Amino acid sequence: MDETTTGTGVARLRANRETAPLEWFDELRESRGMDWDETTGTWYVTRYDDVYELLRDARLGAQVETYCPPGLTEEQEKTYWRVTEFIDRWPVFSDPPRHTGMRRLLLPLFTPTAVSRTAAAAAEFVAAAGPAAAPGKLFAEVIRPALSAGLCRLLDEPPDALAELADCATRILAFGSVETYEPAAGLRAEEALDELTDLVARRCTAPRGALASALSRSLSEGALDLLDATAVYAQLVSGALEPTAAAVARLLEAVTGPEGAALDIRTDTDGVIDEALRLATPFHLAMRRALTDLRLHGHTVRAESRVVLVLVAANRDPRRFTDPGTFRLDRTGARHVAFGRGRHACLGAALTRQVMKEMVLELAATGALEELPPLKAVWNTDFGGRFVQDVVATQGA
């Protein structure tokens, strides 16, 4: 193992780690492709071909041993472990047979009928509000509420209840998406966990809609406990709203900017959506654990080691995506890994694509896209993800 792949080499690049994680991931990918961080006992895998194959590699499990930062007080450790152990219950971090059971429970939410109903609700909101929206308010007053309207339809939740669920999930996600533990964020996440657990308990006591009914049955049968049910809600809400919003934001940047002249959103809607998803890649990382020793690029990854597959670095790999930072529709071959792959691939991938498609085509039908000035997304980027704060006009809104 040479200097570049040791903790010393990673430390040399660490200056950009928190302030500019995308650049840090890119530098790791181009300098080595696979790097070892001795401090946390983690392998980072950043090249597309490796990430693509390892996402389906049965030698890697999703349930990882959590690393506890040093120097925490006793109370901070209790908070850290409580929230971390809750996040470990999310379906995306589970392994079979538990993962199989939770996935089976969630599948009815993503039938073609359910997807169509959800996308229709989002499009209906766009049709009603889009034409009257000021360009600088389009994202805040149309896109975000439309996504919420779709999720309300999917979960059979009224808007005010969804807002409570989303607020709790966002605070928990903020805790889990940074590399450096912040005690204040830990306390906010712990409070959110208490609130979310109470909200889910009330929904499962008097269920309405497919999700609450399925979870209520599982609780009564003893197949899941209340924290499991809460984890399902947390993953669904956090995974449906913010990632889709990020992809729509990147799409709006493209169609209203210099790239837009080469984009025909009506005839190649699917291509535009997939390129927006690739460039957005809202969740940066897929966490894994080596179930056995394995060899990669001449290195031995020991059993029980943490292996982080850096999805965002793979989706920006110039070996597979020529001029990777540019929005292009002439790409062939490699497919983006924003939704993961294999048994832990995002269950809501088809839902996200359909919701985006219906919303964008509705915007195009109203003529709103042609009236927009160049737009720019304001991003909130941290180690674990990139989410959009707003989309603003860069001139003459």
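Here is what the cut-offs are and how they apply
Residues numbered from 1 in each chain as written. Predicted model: local features only at pLDDT ≥ 70, side-chain atom pairs only at ≥ 80, totals over all residues. Heavy atoms only, no water. Helix = DSSP H or I, 4+ residues; strand = E, 2+ residues; numbered from the N terminus. Expected span 1.5 Å × (residues − 1). Buried < 20%, exposed > 50% of the residue type's maximum accessible area, 1.4 Å probe, protein only. Contact = heavy atoms within 4.5 Å. Axes fitted to C-alpha atoms, helices over the stretch in contact; angles between N-to-C directions. Parallel < 35°, antiparallel > 145°, perpendicular 65-115°, else oblique. Left-handed = near helix turned anticlockwise from the far one by under 90°. Nonpolar A, V, L, I, M, F, W, Y, C, P; charged D, E, K, R; others polar. Phe/Tyr/Trp six-rings, centres within 6.5 Å; stacked < 30°, edge-to-face > 60°. Lys NZ or Arg CZ within 6 Å of the ring centre and 35° of its normal. Pairing = 2+ DSSP bridges. Polar contact = N/O pair within 3.5 Å; in protein donor to acceptor, adjacent residues only side chain to side chain. Core = buried A, V, L, I, M, F, W, Y, C linked by side-chain atoms within 4.5 Å.

Visitor: Even after reading the chapter, I still don't get helix H9 (residues 183–205), so can you show me in this structure?
Guide: Residues separated by three or four positions in an α-helix point in the same direction, a consequence of the helix having 3.6 residues per turn. The first and last C-alpha atoms of H9 sit 33 Å apart over 23 residues, in line with the 33 Å expected at 1.5 Å per residue. Burial in H9 covers these residues: Ala185, Gly186, Ala189, Glu190, Ala192, Leu193, Leu196, Thr197, Leu199, Val200, Arg203 and Cys204. Of the surrounding elements, those touching the buried residues of H9 are helix H4 (74–87), helix H8 (159–176), helix H10 (209–221) and helix H11 (226–240).

Visitor: What should I look at first to understand unusual backbone geometry in this one?
Guide: Trans is the prevailing form of peptide bonds, just as negative phi is the prevailing case for residues other than glycine. That bond from proline 96 to proline 97 is cis: its omega, 5°, falls within 30 degrees of zero. If you trace the backbone, proline 97 turns up in the loop between H4 and helix H5 (98–106). You will see that aspartate 156, though not glycine, has its phi angle at about 55°, which is positive. As for its position among the elements, aspartate 156 is in the loop between helix H7 (138–155) and H8. Of the residues examined, aspartate 156 reaches a relative accessible area of 32% and is grouped as partly exposed. The residue aspartate 323 is not glycine, and still its phi comes out positive at about 50°. If you trace the backbone, aspartate 323 turns up in the loop between helix H14 (311–314) and helix H15 (349–366).

Visitor: Explain the packing of helix H6 (residues 112–129) against H15 here, please?
Guide: Interhelical geometry of H6 versus H15 gives an angle of 30° and a closest axis separation of 8 Å. When the interaxial angle is binned, H6 and H15 end up roughly parallel. Judged by the twist between their axes, the crossing of H6 over H15 is right-handed. Within the contact between the two elements, H6 uses Val115, Thr118, Ala119, Ala122, Ala123, Val126 and Ala127 and H15 uses Ala350, Leu351, Gln354, Val355, Glu358, Met359, Glu362 and Leu363. Tallied by class, residues from the contact of H6 with H15 come to eleven nonpolar, two polar and two charged.

Visitor: I keep staring at the packing of aromatic side chains and nothing clicks. Help me out?
Guide: When we look at a pair of aromatic rings, we describe it by the centre distance and by the angle of the planes. Applying the stated criterion across every chain yields a total of 15 aromatic pairs. A ring pair is formed by phenylalanine 283 and phenylalanine 387, whose centres lie 5.6 Å apart and whose planes are at 70°; its orientation type is edge-to-face. Of this pair, phenylalanine 283 sits in the loop between helix H13 (269–280) and strand E4 (285–290) while phenylalanine 387 sits in strand E9 (residues 386–393), and the two are 104 residues apart along the sequence. Each member of the aromatic cluster is reached from another via a ring pair, and the members are Trp24, Phe25, Tyr44 and Phe383. Lying over the aromatic face of phenylalanine 321, arginine 278 brings its terminal NZ or CZ to 4.9 Å of the ring centre.

Visitor: Sorry, what's going on with the sheet that holds strand E7 (residues 306–310) here?
Guide: Note: strands within a sheet are paired through backbone hydrogen bonds, in either parallel or antiparallel orientation. One open sheet accounts for five strands, arranged E1-E2-E7-E4-E3; its pairing is mixed. Looking along the sheet, the strands with just one partner apiece sit at the ends: strand E1 (34–37) and strand E3 (60–61).

Visitor: It is not clear to me how the side chain of threonine 84 should be interpreted in this structure. Could you clarify?
Guide: Along the chain, the position of threonine 84 falls in helix H4. Taking the relative accessible area as the measure of exposure, threonine 84 reaches 8% and is therefore buried. Only 2.7 Å separates the side chain of threonine 84 from the backbone oxygen of tyrosine 80, close enough to count as a polar contact. Setting aside residues no more than four positions away along its own chain, threonine 84 makes contact with Thr66 and Phe175.

Visitor: Just to check I follow, could you spell out the nonpolar core for this structure?
Guide: Considering soluble globular proteins, one finds that nonpolar side chains tend to be buried as a cluster. Counting 89 residues, the largest nonpolar core has Ile143, Leu211 and Leu215 as the members making the most contacts within it. The dominant element in this core, judged by the number of residues it contributes, is H7, at ten residues. With residues up to four places along the chain from it excluded, the contact list for leucine 211 reads Leu105, Leu106, Leu109, Leu155, Val232, Tyr233 and Leu236. Within the second largest apolar cluster, 20 residues are counted, among which are Trp36, Val301, Ala314 and Phe321.

Visitor: Please explain H13 as it appears in this structure.
Guide: When the terminal C-alpha atoms of H13 are compared, their 16 Å separation across twelve residues agrees well with the 16 Å that a helix rising 1.5 Å per residue should span. With nine of twelve residues buried, H13 lies mostly within the body of the structure. Contact partners of the buried residues in H13: helix H12 (242–256), H15 and E9. Note on H13: the residue one or two positions beyond its end, threonine 281, has a positive phi of about 35°.

Visitor: Help me understand the environment of glycine 385 in this model?
Guide: Take glycine 385: it is sitting in the loop between strand E8 (375–381) and E9. With a relative accessible area of 0%, glycine 385 lands in the buried category. C-alpha of glycine 385 to C-alpha of histidine 284: the two residues are 101 residues apart in sequence and 5.0 Å apart in space. For glycine 385, the residues in contact, after removing those within four places along its chain, are Ser177, Pro282, Phe283, His284 and Asn380.

Visitor: Can you help me understand the environment of alanine 119 in this one?
Guide: Locating alanine 119 in the fold gives a position in helix H6. Taking the C-alpha atoms as reference, alanine 119 lies 29 Å from leucine 227; in sequence the two are 108 residues apart. Leaving out residues up to four positions away in the same chain, alanine 119 has contacts with Gln354, Val355 and Glu358.

Visitor: Just to check I follow, could you spell out the pairing of E9 for this structure?
Guide: Along any regular strand the residues' side chains alternate between the sheet's two faces. Note that E8 and E9 share seven bridges and pair antiparallel. Across the sheet, residue valine 378 finds its bridge partner in E9, namely aspartate 390. Count of turn residues in the E8/E9 antiparallel hairpin: four residues.

Visitor: Would you mind going over the pairing of E4 with me for this structure?
Guide: With five of six residues buried, E4 is to be regarded as a mostly interior element. Relative to E4, E3 runs antiparallel, the two sharing two bridges. Bridge pairing in E4 links leucine 60 to alanine 290. One ladder, built from five bridges, connects E4 with E7; its direction is antiparallel. Across the sheet, the residue bridging to arginine 288 is valine 307, located in E7.

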